[in-house]
Amino acid sequence: MFSISRINSNRPLVIAIFAALVVFYLVYLTVSQSVTFSALQSSLNAKIAALRNTETTTREPEKVVDRDIVHLPNVQNDELEFRSGKNIFFIVSTLSPEGVIKLTARQACAIESAARSNADWKVFPLFVATTWFNSSNNEFISPLLRYCNIHMRYIDLETFAFGTPLESLFAKHALQNSSYIVEHTADVLRLLVLYKYGGTYLDTDVIVRRSFDLLLPNYLGSEGSGYVANGVINLEATGYGHRFAESCLNDLAEHFDGKVWAANGPFMVTRNLQKFCNVSEVANMTRARCGGQLSVHPPDVFYRIRYPRHDWFFYPERTEAVMTSIKDDILVHMWNKATSGIQLKVNSTAAYVKLAHEYCPNVIKRCDEFF
């Protein structure tokens, strides 16, 4: 009885202790689960971060776009742009040692002068051996980009002659195997371009002073040595001009000569004009004798200052005589093959520099000391 009553008297205390233990246990479970969940969540977050890091390191790096690199369109991409016939073509078949497009000041001067003097004509410098240039470090291309009528293109030698009389010649890589690859490539391409598109071809050692609208279409110029030069040629894409271009291409397809420097240029052109005009002497190749539709201009039209005075453009003491003689000329030719080694300072009073300041001012401004 004594023991039972003692237990009964302590029952509230026992119950309180038991209840406290139950509450403690429940709190423990809650805290434990919370800690476990927090740890699990931290672990999961760490794994997600690790996956993201792995994805970042394994993803291909983004390509860096160099905005100074200019890629030229293929001249065959949009052949409708030539349909007006008012096209001026330059063939540039040389490269810098680095394999990128590089124009000399004198080449760029020829292009700028053509664009300035023929604002309503399209000017196409056609590059043969490469397809791009860096506008930030090419001091003589950048000035040309200011002209909306200058359109730089490249020629793909693998496809350009398809469907023309020269397809087989190109397939045999005759140009690449030539002893004069730069000159012969330009000789052949100038006639192929005119055959396909029509317009005016110019060498890159000229300065154009007046509009070609002053001349009747379909013409070349004699250089005064018994041959017709091919430094200036205008042929229409249809009619008589096209037929003459086709005659020259057929001749090249049959008689291309990679061993003789002038074989595919003046020699070939003169030979075909003799047949077309039915005369043997260049002096007799008048428009009347050439079907009334083709002119062979006398030397004074395009080649007034010629051998042995070809270097007069480079000497100040000859300036007055030169400028007087060419005052009405449409263009002047500088005979680059014979004069390229003559240096000219940008402040020289030589006729060539004087003409450059007037007809290619943006180019000559980019010259440091020499033009």
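Up top is the structure.
Figured I'd write up the structure that's included with this text. Along each chain, numbering runs from 1 in the same order as the chain's sequence is written. At least 70 in pLDDT is required for a residue's local features to be given in this predicted model, at least 80 for side-chain atom pairs to be given and counted, and no such filter applies to totals for whole chains, interfaces and linings, which use all residues. Note that water and hydrogens are dropped before the side-chain values are worked out from all heavy atoms of the structure.

This brings us to a nonpolar patch on the surface. Patches in this entry comprise residues that are over 30% relatively accessible and not in a salt bridge; like charges within 9 Å are linked, as are nonpolar side chains (Val, Leu, Ile, Met, Phe, Trp, Tyr) within 5 Å. Note that accessible areas follow from Shrake-Rupley with a 1.4 Å probe, and for residues the cover is restricted to the protein chains shown. Here, a salt bridge means any side-chain nitrogen of Lys or Arg that lies within 4 Å of a carboxyl oxygen of Asp or Glu. Judged by side-chain polarity, Tyr227, Val260 and Phe267 come together as a nonpolar surface patch covering roughly 230 Å² of accessible area. You can see Val260 is positioned in the loop between α6 (239-255) and α7 (266-277). Under the DSSP-based scheme used, a helix requires at least four consecutive residues in state H or I and a strand at least two consecutive residues in state E, with every element numbered from the N terminus.

Here we take up empty space enclosed by the protein. Cavities and pockets were defined on a 1 Å grid built over protein atoms only: a cavity is a set of grid points that admits a 1.4 Å probe from which the probe cannot escape, a pocket is an open set flanked by protein on both sides within 12 Å along at least five of seven lines, and lining residues are those with an atom within 4 Å of any such point. Grid points are joined across faces, edges and corners, and a volume is the space filled by probe spheres set on the points. In this structure the tally under the stated criterion is one cavity of 30 Å³ or more. Space inside the largest cavity adds up to approximately 40 Å³. Around the largest cavity sit Val301, Phe302, Tyr303, Arg304, Ile305, Phe313, Ile326, Asp329, Leu331, Val332 and His333, which together line it. Those elements giving two or more residues to the lining of the largest cavity turn out to be α8 (299-302) and β11 (331-333). For this classification, Asp, Glu, Lys and Arg are treated as charged, while Ala, Val, Leu, Ile, Met, Phe, Trp, Tyr, Cys and Pro are nonpolar and the rest, including Gly, are polar. Class assignment for the residues of the lining of the largest cavity results in eight nonpolar, one polar and two charged.

The next subject is the state of the cysteines. The disulfide criterion used throughout: a pair of cysteine sulfur atoms within 2.5 Å. Applying the stated rule across the entire model yields two disulfides. The disulfide partner of Cys109 is Cys360, and the gap between their sulfur atoms is 2.0 Å. The S-S bond linking Cys109 to Cys360 shows a torsion near -80°; that makes this disulfide left-handed. With Cys109 in helix α3 (residues 105-117) and Cys360 in the loop between α11 (351-359) and α12 (361-365), this residue pair connects regions lying 251 residues apart in the sequence. Each member of the pair, Cys109 together with Cys360, is buried. Of note for the chain: the bonded cysteines, numbered N- to C-terminal, pair according to 1-4, 2-3. Here Cys367 stays unpaired: no disulfide links it, and the sulfur of Cys360, its closest cysteine neighbor, is 8.0 Å away. Per-residue accessibility, obtained with a 1.4 Å probe over protein chains only, is compared with the maximum for each type, and a residue is labelled buried under 20%, exposed over 50%, and partly exposed between these values.

Counted by the stated rule, this structure contains twelve salt bridges. The shortest N-O distance in the salt bridge between Arg153 and Glu81 comes to 3.1 Å. Of this pair, Arg153 sits in strand β5 (residues 153-154) while Glu81 sits in the loop between β1 (69-71) and β2 (87-92); the two residues are 72 residues apart in sequence, bridging distant segments of the chain. Salt-bridge contacts for Asp328 lead to Lys327; the nearest nitrogen and oxygen are separated by 3.1 Å. Residue Lys327 is classed as exposed on the basis of its relative accessible area, which comes to 53%.

A separate point is the side chain of Ser93. Locating Ser93 in the fold gives a position in the loop between β2 and α3. The term polar contact refers here to a pair of N or O atoms within 3.5 Å; inside protein, the definition further demands a hydrogen-donor-capable atom paired with an acceptor-capable atom, and it admits residues adjacent in sequence only when both atoms are side-chain atoms. From its side chain, Ser93 meets the backbone oxygen of Val182 in a polar contact 3.2 Å long. Excluding residues that lie within four positions of it along the chain, Ser93 makes contacts with Val128, Val182, Thr185 and Ala186. Note on contacts: a residue pair is in contact if any heavy atoms of the two residues lie within 4.5 Å.

The next thing to look at is unusual backbone geometry. For residues other than glycine, phi is negative in most cases, and the peptide bonds are mostly trans. Cis rather than trans, the peptide bond between Tyr307 and Pro308 has omega equal to 10°. Looking at the secondary structure, you find Pro308 in the loop between α8 and α9 (319-325). With phi around 55°, His173 is a residue other than glycine that occupies positive phi space. By the element assignment, His173 lies in the loop between α4 (167-171) and α5 (181-197). In the Ramachandran plot, Trp335 falls in the positive-phi region, its phi being about 50° despite a non-glycine side chain. Within the element layout of this structure, Trp335 appears in the loop between β11 and α10 (336-339).

Empty space within the largest pocket amounts to approximately 1200 Å³. Lining of the largest pocket is provided by 41 residues; of these, Asp203, Asp205, Trp261, Asn336 and Lys337 occupy positions nearest its centre. If you list the elements that add at least two residues to the lining of the largest pocket, you get β2, α3, α5, β9 (228-235), α7 and α10. Per-element tally for the lining of the largest pocket: the top contributor is α5, with five residues.

A separate point is the packing of α5 against α6. Working convention: axes come from line fits to C-alpha atoms, limited for helices to the stretch in contact. Angles between N-to-C directions cover 0 to 180 degrees. The contact between α5 and α6 brings their axes to 9 Å, and the two run at 140°. Put simply, α5 runs oblique to α6. Along this stretch, α5 crosses α6, giving a crossing that reads as left-handed. Judged by residue contacts, Val188, Leu191, Leu192 and Tyr195 of α5 engage His242, Ala245, Glu246, Cys248, Leu249 and Leu252 from α6. Classifying every residue of the contact of α5 with α6 by side-chain character gives eight nonpolar, one polar and one charged. Roughly parallel means an angle under 35 degrees; roughly antiparallel means over 145; roughly perpendicular covers 65 to 115; every other angle is labelled oblique. Should the near helix be turned anticlockwise from the far one by less than a right angle, the crossing is left-handed, and should it be turned clockwise, the crossing is right-handed.

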